[in-house]
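# A look at the structure
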Amino acid sequence: AVQQGALFRHGPAPTTGSALLAQVSVLYFARSAELAGLRCETLTVPRRITALQLWEEIVKVHPRLAVIQDQVIFAVRQEYVLLGDQVLVLQPGDEVAVIPPISGG
């Protein structure tokens with residue numbers, strides 16, 4: 001069960017203990033795959049992270065992705081998530097798809 005109040009904690013999250021981290025599969029599609037140079041990888045990220053912070057973690061690994069930040073969305077466990085302040089609670093093994101616009105414009 002997720003506690004409502006816990007989702008909106010302010011301040012830095014504690015950084016000790018592997019229980020606070022999750023290995024997730026990041027899947028890259030279309031332009032994001034071209035820029036990252038691969039289609040899939042495993043990253044270790046905080047289990048509680050905003051969508052925007054997750055994007056920043058991915059861009060640290062693949063700086064070329066920064067150019068599509070304003071166009072990209074995530075699909076986490078096959079649910080679309082916009083890059084913003086929404087807190088994600090990731091589980092080990094979750095899939096995070098990086099989906100740029102498929103059509104031009």
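Everything below is about the structure printed above this text.
The present account deals with the structure reproduced in this document. In this text, all values refer to a predicted model and were calculated from it rather than measured experimentally.

What counts and what doesn't
- Residues numbered from 1 in each chain as written.
- Predicted model: local features only at pLDDT ≥ 70, side-chain atom pairs only at ≥ 80, totals over all residues.
- Heavy atoms only, no water.
- Helix = DSSP H or I, 4+ residues; strand = E, 2+ residues; numbered from the N terminus.
- Buried < 20%, exposed > 50% of the residue type's maximum accessible area, 1.4 Å probe, protein only.
- Areas by Shrake-Rupley, 256 points an atom, 1.4 Å probe, with all protein chains shown as cover.
- Pairing = 2+ DSSP bridges.
- Axes fitted to C-alpha atoms, helices over the stretch in contact; angles between N-to-C directions.
- Phe/Tyr/Trp six-rings, centres within 6.5 Å; stacked < 30°, edge-to-face > 60°.
- Salt bridge = Lys/Arg side-chain N within 4 Å of Asp/Glu carboxyl O.

## Here's the deal with the overall build of the protein
Broken down by element type, the protein carries two helices and seven strands. Counted from the first residue to the last, the protein has its helices and strands arranged as β-α-β-β-α-β-β-β-β. Taken over 105 residues, the protein has a buried fraction of 35%. Of the accessible surface of the protein, which amounts to about 6800 Å², a share of 54% is contributed by carbon and sulfur atoms.

## A look at the sheet that holds strand β5 (residues 79–81)
Reading across from one edge, β2-β1-β7-β4-β5 is the order of the five strands in this open sheet, with mixed pairing throughout. Strand pairing shows two members of the sheet lacking a second neighbour, β2 (40–46) and β5, which therefore form its edges. Strand after strand, the sheet turns through a mean of 30° between neighbouring axes, direction not considered. Relative to strand β7 (residues 95–99), strand β4 (residues 73–76) is paired through four bridges, and the arrangement is antiparallel.

## A few points about the packing of aromatic side chains
Taken as a whole, this structure holds one aromatic pair when the rule is applied. With 6.3 Å between their ring centres and 50° between their planes, W55 and F74 make a pair best called tilted. Here W55, found in helix α2 (residues 51–61), pairs with F74, found in strand β4; they are 19 residues apart in sequence, far enough to count as distant. This pair shows no difference in class: W55 is buried, exactly as F74 is.

## Topic: the pattern of salt bridges
Evaluation of the coordinates by the stated rule reveals three salt bridges. Close ionic contact of R31 with E34 constitutes a salt bridge, the shortest N to O distance being 3.8 Å. Here the residue R31 and the residue E34 both occupy positions in helix α1 (residues 31–36), the gap between them amounting to three residues, near one helical turn. Assessed through its relative accessible area of 53%, E34 is described here as exposed. Residue E57 is joined to K60 by a salt bridge in which the shortest nitrogen-to-oxygen separation is 3.1 Å. A residue pair is termed a helical-turn pair when its members lie 3 or 4 positions apart in one helix, as E57 and K60 do in helix α2 at three residues. On the basis of relative accessibility, which here comes to 61%, the residue K60 falls in the exposed class.

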